[in-house]
Amino acid sequence: MPIFMMFGKYTTQAMQNISPERTEKAVEVIKANGGKIVSMYAVMGKHDLVFTLDFPDADNAFATSVALNTLTGISFTTSPVVEVEMFDKMITKVKKM
């Protein structure tokens, strides 16, 4: 299944509603959309949260991003990722064109 990175940014309202229960509900939303959690981190800097998630397809990943925003008020940016080895193979093909 494809891997997606989700980068979350808290709003003031979302910060006020942080709780283990909300996190549990977020995990349920991810699983309900066919997602498997690879990692979930709170971070400092440009983003407040970084999730690595495994989904069946982009539709499920993007639906989860919207559902999490609706549930939590956290703004998520969702990006598909490719392993560096695969990226190198793709670049090699492009250079041969």
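All values derive from a computational prediction rather than experimental measurement.

Asker: With reference to specific residues and values, describe the overall build of the protein chain.
Answerer: A count of helical and extended segments in the protein chain gives 4 helices and 4 strands. Along the protein chain, helices (α) and strands (β) appear in the sequence β-α-α-β-β-α-β-α when read from the amino end. If one aligns the C-alpha atoms of the protein chain with their principal axes, the spans along those axes are about 55 × 30 × 20 Å. Considering the protein chain as a whole, with its 97 residues, one finds that 30% of them fall into the buried category. For the protein chain, the share of sequence-separated contacts (at least 6 apart) that also reach a separation of at least 24 residues comes to 66%. In the form shown here, the protein chain has an accessible surface area of approximately 6500 Å², with 60% of it arising from carbon and sulfur atoms. Separation of charge centres in the protein chain, based on 10 positive and 10 negative side chains, amounts to 7 Å.

Asker: Pulling in residues and values, what's your account of the packing of aromatic side chains?
Answerer: Within the structure shown, the criterion is met by 3 aromatic pairs. Pairing Phe-4 with Phe-55 gives two aromatic rings, centres 6.1 Å apart and planes at 70 degrees, and the pair type is edge-to-face. With a gap of 51 residues between them, Phe-4 in strand β1 (residues 3-9) and Phe-55 in the loop between β3 (49-54) and α3 (58-72) connect regions that are remote in the sequence. Just as Phe-4 is buried, Phe-55 falls in that class too. Here a set of aromatic residues connected by ring pairs shows up, and it is made of Phe-4, Phe-55 and Phe-62.

Asker: Outline α3, listing residues and values.
Answerer: Here α3 is 15 residues long and its end C-alpha atoms lie 21 Å apart, about the 21 Å a rise of 1.5 Å per residue gives. At its buried positions, α3 is contacted by β1, α1 (12-16), α2 (20-32), β3 and β4 (75-80). For α3, the side-chain oxygen to backbone nitrogen distance between the N-cap and Asp-59 is 3.2 Å, and the N-cap itself is Asp-57. Positive phi shows up at Gly-73, right after α3, with a value of about 80 degrees.

Asker: Just give me the short version of the pattern of salt bridges, but keep the residues and values in it.
Answerer: Here the structure, examined in full by the defined rule, presents 2 salt bridges. The partner of Lys-9 in a salt bridge is Asp-48, and the shortest N-O contact between them spans 3.8 Å. Here Lys-9, found in strand β1, pairs with Asp-48, found in the loop between β2 (36-42) and β3; they are 39 residues apart in sequence, far enough to count as distant. You can call Lys-9 partly exposed: its relative accessible area is 38%. Since its relative accessible area comes to 17%, Asp-48 is described here as buried. Across the pair Lys-89 and Glu-85 runs a salt bridge whose closest N-O atoms are separated by 3.8 Å. Of this pair, Lys-89 and Glu-85 both sit in helix α4 (residues 84-96), 4 residues apart, which is roughly one turn of that helix. In this structure Glu-85 comes out as exposed when scored by relative accessible area, which is 57%.

The rules behind each value
- Residues numbered from 1 in each chain as written.
- Predicted model: local features only at pLDDT ≥ 70, side-chain atom pairs only at ≥ 80, totals over all residues.
- Heavy atoms only, no water.
- Helix = DSSP H or I, 4+ residues; strand = E, 2+ residues; numbered from the N terminus.
- Buried < 20%, exposed > 50% of the residue type's maximum accessible area, 1.4 Å probe, protein only.
- Contact = heavy atoms within 4.5 Å.
- Areas by Shrake-Rupley, 256 points an atom, 1.4 Å probe, with all protein chains shown as cover.
- Lys, Arg positive; Asp, Glu negative; His and termini not counted.
- Charge placed at Lys NZ, Arg CZ, Asp CG, Glu CD.
- Phe/Tyr/Trp six-rings, centres within 6.5 Å; stacked < 30°, edge-to-face > 60°.
- Expected span 1.5 Å × (residues − 1).
- Polar contact = N/O pair within 3.5 Å; in protein donor to acceptor, adjacent residues only side chain to side chain.
- Salt bridge = Lys/Arg side-chain N within 4 Å of Asp/Glu carboxyl O.

Without other data, these values stay purely geometric and don't point to any function.
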